[in-house]
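Results of the structural survey
Chain by chain, the residues:
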Amino acid sequence: MIPYARQDIQPEDIEAVVDVLRSDYLTQGPMVPRFEQAVADYCGAAHGVATNSATSALHLACLSLGVGPGDLVWTSPITFVASANCARYCGAEVDFVDIDPATVNISPERLSEKLEQARAAGGRLPKVVIPVHFAGQSCDMASIGRLAAEYGFRIIEDASHAIGARYQRAPVGSCRYSDITVFSFHPVKILTTGEGGMAVTNDEALAERMRSLRSHGVTRDPERMVLDCEGAWYYEQIDLGFNYRMTDIQAALGVSQLKRLDAFVSRRRDLVAHYDEMLVDVPVCLSRMLPQSESSHHLYVVRIPSEGRPGRRTRVFDSLREQGVGVNVHYIPLHLQPYYRNLGFATGDFAEAERYYREAITLPLYPRLRPDDLASITRKLSSALRS
Ligand SMILES: *Cc1c(COP(=O)(O)O)cnc(C)c1O
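A few points on the structure. (Residues numbered from 1 in each chain as written. Predicted model: local features only at pLDDT ≥ 70, side-chain atom pairs only at ≥ 80, totals over all residues. Heavy atoms only, no water.)

**A closer look at helix H10 (residues 312–322)**
Buried within H10 we find Arg-312, Arg-313, Val-316, Phe-317, Ser-319 and Leu-320. All buried residues of H10 lie within an arc of 165° about the axis, which places them on one face of the element. Opposite the buried face of H10, by more than 90 degrees, sit the exposed residues Arg-315 and Glu-322. A positive backbone phi angle near 85° is found at Gly-324, which sits one or two residues after H10. (Buried < 20%, exposed > 50% of the residue type's maximum accessible area, 1.4 Å probe, protein only. Helix = DSSP H or I, 4+ residues; strand = E, 2+ residues; numbered from the N terminus. Arc of directions from axis to C-beta.)

**Structural notes on the site of the ligand**
In the vicinity of the ligand lie 15 residues, with Thr-55, Asp-158, His-161, Ser-184 and Lys-189 positioned nearest. Here an oxygen atom of the ligand and a side-chain polar atom of Lys-189 are 3.0 Å apart. For the ligand, an oxygen atom lies 3.1 Å from a polar atom in the side chain of Tyr-331. Taking 380 Å² as the accessible area of the ligand by itself, protein coverage stands at 93%. For the shell around the ligand, the secondary structure elements donating two or more residues are helix H3 (54–64) and helix H4 (82–89). Partitioned by chemical class, the residues of the shell around the ligand number 5 nonpolar, 8 polar and 2 charged. (Near = heavy atom within 4 Å. Polar contact = N/O pair within 3.5 Å; in protein donor to acceptor, adjacent residues only side chain to side chain. Areas by Shrake-Rupley, 256 points an atom, 1.4 Å probe, with all protein chains shown as cover. Nonpolar A, V, L, I, M, F, W, Y, C, P; charged D, E, K, R; others polar.)

**A word on the pattern of salt bridges**
According to the stated counting rule, one finds 17 salt bridges in the structure shown. Taking the shortest distance from any N to any O, the salt bridge between Arg-260 and Asp-8 comes out at 2.9 Å. Here the residue Arg-260 occupies a position in the loop between helix H8 (248–258) and helix H9 (261–278), and Asp-8 occupies one in the segment before helix H1 (11–21), the gap between them amounting to 252 residues. By relative accessible area, which is 14% here, Arg-260 ends up buried. Of the charged contacts, one joins Arg-124 and Glu-93 as a salt bridge, the two residues approaching to 3.5 Å between their closest N and O atoms. Note that Arg-124 is positioned in the loop between helix H5 (108–120) and strand E4 (128–130) and Glu-93 in strand E3 (residues 93–96), a separation of 31 residues in sequence. Assessed through its relative accessible area of 42%, Glu-93 is described here as partly exposed. Several salt bridges share partner residues, and in doing so they unite Asp-8, Glu-12, Asp-13, Arg-260 and Arg-368 into one network. (Salt bridge = Lys/Arg side-chain N within 4 Å of Asp/Glu carboxyl O.)

**Side note on the environment of Glu-359**
Mapped onto the elements of the fold, Glu-359 is located in helix H12 (residues 351–359). Take Glu-359: its relative accessible area is 14%, and that puts it in the buried class. Expressed as a C-alpha distance, the spacing of Glu-359 and Cys-229, which sit 130 residues apart in the sequence, is 61 Å.

**Observations regarding the packing of aromatic side chains**
One pass over the full model with this rule turns up 11 aromatic pairs. Ring geometry for Phe-80 against Tyr-331: centres 6.5 Å apart, planes inclined by 45°, an arrangement best described as tilted. Note that Phe-80 is positioned in the loop between strand E2 (72–75) and H4 and Tyr-331 in the loop between H10 and helix H11 (338–341), a separation of 251 residues in sequence. On the basis of relative accessible area, Phe-80 is assigned to the partly exposed category, the value being 49%. Residue Tyr-331 is classed as buried on the basis of its relative accessible area of 11%. Centre to centre, the rings of Phe-96 and Phe-345 are 5.1 Å apart; their planes meet at 65°, and the pair counts as edge-to-face. (Phe/Tyr/Trp six-rings, centres within 6.5 Å; stacked < 30°, edge-to-face > 60°.)

**What to know about the sheet that holds strand E7 (residues 170–171)**
Strand order in this open sheet of 3 strands is E7-E6-E13, and the pairing throughout is antiparallel. In this open sheet, the two edge strands, each paired with only one partner strand, are E7 and strand E13 (293–294). Across 2 bridges, strand E6 (residues 166–167) lies against E7 in antiparallel orientation. Bridging across to E7, Arg-166 finds its partner in Pro-171. (Pairing = 2+ DSSP bridges.)

In short, the description is geometric, and any link to function would need to be established separately.
See below:
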């Protein structure tokens, strides 16, 4: 079975990991700050805070912005569950803003309408909006940034798909229009640390707060202590934090992988161009790429026109799996998950997200995929569509 995603591990990655295993520090050593600096430099952001997952980084990002009970956080319904769960961990309420079906990203028009309606009804406005850069293409951050200024919300970019992508020529993660940007280094993503994530920001106070909460809310810095430092052994817990630390083993893998980030993205771009070319005469719809966005091409999604043909996507999906193509579906709309249904969401709430979901199939895409794999996948897709 050709998988839909796969990591790229080279001998130099293995050496980097083995070097850490032979060193003094498996965790809390020099590799984590080195990886944080390297990612922050790549993005043109001031600070990086590495974590054991993007989920943890999203949680820390929400906490550092003061999200708590009584607050409202909005995100896209077409994302992985972590984009919304991070707000729930803080006791906040979640709501969704429908997608733009052309890009599958949160629709700035729907966002603007929903904000206007909330304000007109004297309703609650979101404290934080979490745009998700679906499949690696940046959301329309300039529009979302304008709305943030008008309505006073903060922005966390969920860039789990989008390290190596660009928006208005700047790397995603420069945080020009946001407070914090979060990346994931799970093996299916653009680059990997096994498990891992990072929050980048230009705000030193937010970085400081995320660092503290990442490690139990404990400090060894006498400057930050509430009581008098009692000696060299002394530390203080000044907040209720977690153990969300990344290990040095993971960070070393990240530093090594980061050197190939541009090569990964350019390889993905070539494969996508190849897919696009091979699919010109195949009756599927592709996402629109906006001129100001250079995607990192995390996912290659095709939509199977299914109007009046219910279940067609499922038949095509099953046929591809039977033919050894490890297709997937990204994502089941979050508001349709039982957990979110129990919070009051229902079928019909976000029509574009639901229509997209009925038609979407993710085809395999990763750097090691070969052109003849693409030819075989597109041939199998064509035959599945005919039957
Ligand atoms: C993968 C993913 C996450 C979670 O990443 P982890 O590192 O696995 O915690 C969050 N949001 C999106 C959009 C993702 O794709």
